[in-house]
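# Remarks on the overall topology
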Amino acid sequence: MTWSKLKKNLESFLCPALDGRVEYRASSYRYLPDKAGTCYIAVDKKNVLNMSDINTSIRWYQTELEIKNDSDIQIPINNEEIEAVRNETKGMVPEDRLQVIARSRKLSEHAKELLSAQSSLSKSNFIVLANKFLSTPIEESIESNDILLNILALVDRRVGKKRILNMTEKMKLKHPIVQYFYELRLSTL
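A brief report on the enclosed structure follows. (Residues numbered from 1 in each chain as written. Predicted model: local features only at pLDDT ≥ 70, side-chain atom pairs only at ≥ 80, totals over all residues. Heavy atoms only, no water.)

### Points about the pattern of salt bridges
Here the structure, examined in full by the defined rule, presents eleven salt bridges. A salt bridge links Asp156 to Arg158; the shortest N-O distance between them is 2.9 Å. Overall, the relative accessible area of 1% leaves Asp156 in the buried class. Its relative accessible area of 34% is what places Arg158 among the partly exposed residues. Connected through shared salt-bridge partners, Glu23, Arg25 and Lys45 make up one network. (Salt bridge = Lys/Arg side-chain N within 4 Å of Asp/Glu carboxyl O. Buried < 20%, exposed > 50% of the residue type's maximum accessible area, 1.4 Å probe, protein only.)

In structure tokens form, the structure reads like this:
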């Protein structure tokens, strides 16, 4: 699918409140084959997410340690996870320490997912994922671990007010750029 047709399809799915505010843009270099060009998503004429450029206004993580030390990331721990740690340590660890261990493990898994998701952002990946988004149910895009699929789903008109409001806990575990688009969509309700 050509870029102009893909862009038109994506923008036709924008929720009415974000129509005209969110834009999908691309640049390419016709005479420089070694330059891949970039894709970016603009909100209110400001480039918010540049594919293949880590110098955006959204926080990009370079290492797992940065994610672990980020106080903005809230990881909910449930009793099953604490019980799993208790069983692994055979009850030899104090109760308060079990929560710390369970949170640390979950944070490590979350950090690896975030780093792998943000490392795959490029123009070619955007086009592939946009085509995937257009051909799959909206529920799959919302539940996906992929940053771009989450963003495209959040600004989609098929995602209603009730579903957006029920996503609050899930969004705490998502990448900051996904959280940004979630807040943008919440502001339109």
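### Remarks on the pairing of strand E3 (residues 46-50)
On any regular strand, side chains alternate: one points to one face of the sheet, the next to the other face. In this sheet, E3 lies alongside strand E2 (residues 38-43) in antiparallel orientation, the contact comprising four bridges. Among the inter-strand pairings, Tyr40 is bridged to a residue of E3, identified as Asn50. Between E2 and E3, which follow one another and run antiparallel, lie two residues, and Asp44 among them has a positive phi close to 55°. (Pairing = 2+ DSSP bridges. Helix = DSSP H or I, 4+ residues; strand = E, 2+ residues; numbered from the N terminus.)

### Regarding the sheet that holds E3
The strand order across the open sheet formed by three strands is E1-E2-E3, and the pairing between neighbours is antiparallel. Strands with a single pairing partner mark the edges of an open sheet, and in this sheet they are strand E1 (22-27) and E3. For this sheet, the mean inter-axis angle between neighbouring strands, taken without regard to orientation, is 35°. Pairing of E1 with E2 involves six bridges; the strand directions are antiparallel. Considered in E2, the bridge of Arg25 is made with Tyr40. Along the sheet, helix H1 (residues 3-12) makes contact with E1 and E2, crossing E1 at roughly 165°. (Axes fitted to C-alpha atoms, helices over the stretch in contact; angles between N-to-C directions. Contact = heavy atoms within 4.5 Å.)

### Looking at the environment of Lys132
Mapped onto the elements of the fold, Lys132 is located in helix H5 (residues 123-135). Residue classification places Lys132 among the partly exposed positions, given a relative accessible area of 40%. A sequence separation of 17 residues divides Lys132 from Leu149, and the C-alpha atoms of the two residues are 8.5 Å apart.

### What to know about the nonpolar core
Counting 36 residues, the largest nonpolar core has Tyr24, Ile41, Phe126 and Phe181 as the members making the most contacts within it. Looking at this core, the elements that each hand over two or more residues are H1, E1, E2, E3, H5, helix H6 (138-143), helix H7 (147-154) and helix H10 (176-186). Here this core gets seven residues from one element, more than from any other, and that element is H7. With residues near it in sequence (within four places) discarded, Phe126 still touches Trp3, Leu10, Tyr24, Cys39, Ile41, Met51 and Leu148. Counting residues in hydrophobic clusters, the runner-up holds six residues, among them Ile73, Leu107, Ala111 and Leu114. (Core = buried A, V, L, I, M, F, W, Y, C linked by side-chain atoms within 4.5 Å.)

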